[in-house]
Amino acid sequence: MQNQIALYPLETIQKKLDELKSKINLQKSLGESISAEFESLYSTFESINGLFTDVREHFESLGQYSDSLGNTSDSLRPKYDSLHQPLDSDRQTDDSIRPTFDSIRRPDDSLHHPDDSIVQQSASNTEQNEAKNGRNELKELIINLSKEQLNLKFPQTKVPERIAVIINGLKESTQLSVAQMVKLTSTSRATITRDTIVLKKLGWIEFHGCKKKGYYTLTEEGKTATSINI
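Residues numbered from 1 in each chain as written. Predicted model: local features only at pLDDT ≥ 70, side-chain atom pairs only at ≥ 80, totals over all residues. Heavy atoms only, no water.

1. Section: the sheet that holds strand β1 (residues 175-176)
So, point 1. On the basis of which strands lie adjacent, the open sheet formed by 3 strands has the order β1-β3-β2 and antiparallel pairing. Here the strands that pair on one side only, and so sit at the sheet edges, are β1 and β2 (205-208).
So, point 2. As paired strands, β2 and strand β3 (residues 215-218) are joined by 4 bridges and run antiparallel to one another. In the strand pairing of β3, Phe207 is matched with Tyr216. (Pairing = 2+ DSSP bridges. Helix = DSSP H or I, 4+ residues; strand = E, 2+ residues; numbered from the N terminus.)

Following this line, the structure appears as structure tokens:
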């Protein structure tokens, strides 16, 4: 009887410990569930951000195409108006009509040469296509090297595309701060931090200065690896 009385508190304690352990496991499962939900929300946000970027680029290309059509229309309007000027046949003599007729039959030299605006637009389109091809090559390079050297596979193609934009900015401006990268890519500081980690692991960039006023530059290895026309 005395042994039973002595063991009873131990059984109670063991029961309480088991209940506490169950609660801890429940909290752990809840934390894992919240973490998974956060990752899902972040992935959705990245997809929406990529969609808005595509829409913005589409509208910009439409604006450029509309401007080029407007320039072409303005350059052709004087020729169109000159063709519709009425001839006052009642007041013109045969001698005045004949030169007019001859001038109509002579080919217009201007028709054999494209307008300057069309030539410039064609050159601009060629440069844009070359730049786009360069960015695509750089994106593929980032994907392949990240997989080979870092064993890293990007969940979305927007990530290497954004990193390519950062590299392009560094090649044009020599140096970029985190705030400038955020503005350049229209994304968050947290996203830029993840992108710069990838670039630093590849050995392509290095940080200079203090945390608040510092900036990134391309390393010699980065300049050599990214020597693509972008």
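2. Quick word on the packing of helix α4 (residues 158-173) against helix α5 (residues 178-185)
So, point 1. Their axes nearest at 10 Å, the elements α4 and α5 cross at an angle of 120 degrees. By the angle between their directions, the pair α4 and α5 is classed as oblique. Seen from above, α4 lies across α5 with right-handed handedness. Side by side, α4 and α5 meet where Arg162, Val165, Ile166 and Gly169 of the first sit next to Met181, Leu184 and Thr185 of the second.
So, point 2. Each residue belonging to the contact of α4 with α5 can be placed in one class, and the counts come to 4 nonpolar, 2 polar and 1 charged. (Axes fitted to C-alpha atoms, helices over the stretch in contact; angles between N-to-C directions. Parallel < 35°, antiparallel > 145°, perpendicular 65-115°, else oblique. Left-handed = near helix turned anticlockwise from the far one by under 90°. Contact = heavy atoms within 4.5 Å. Nonpolar A, V, L, I, M, F, W, Y, C, P; charged D, E, K, R; others polar.)

3. Description of the layout of surface pockets
So, point 1. Looking at the second largest pocket, its volume works out to about 410 Å³.
So, point 2. Lining the second largest pocket we find 18 residues, and of these Tyr42, Phe154, Pro155, Val159 and Arg194 sit closest to its centre.
So, point 3. Element by element, the count of residues in the lining of the second largest pocket is highest for helix α6 (residues 189-202), at 6 residues.
So, point 4. Here the residues of the lining of the second largest pocket sort into 8 nonpolar, 3 polar and 7 charged. (1 Å grid on protein atoms, 1.4 Å probe; cavity = no way out; pocket = protein on both sides within 12 Å on 5 of 7 lines; lining within 4 Å. Points joined across faces, edges and corners; volume = space filled by probe spheres on them.)

4. Concerning α4
So, point 1. Along its 16 residues, α4 runs 22 Å from first to last C-alpha, staying within 8% of the 22 Å computed at 1.5 Å per residue.
So, point 2. Those residues of α4 that sit buried are Val159, Pro160, Arg162, Ile163, Ala164, Ile166, Ile167, Asn168, Gly169 and Leu170.
So, point 3. At the exit of α4 stands Thr174, carrying a positive phi of roughly 75 degrees. (Expected span 1.5 Å × (residues − 1). Buried < 20%, exposed > 50% of the residue type's maximum accessible area, 1.4 Å probe, protein only.)

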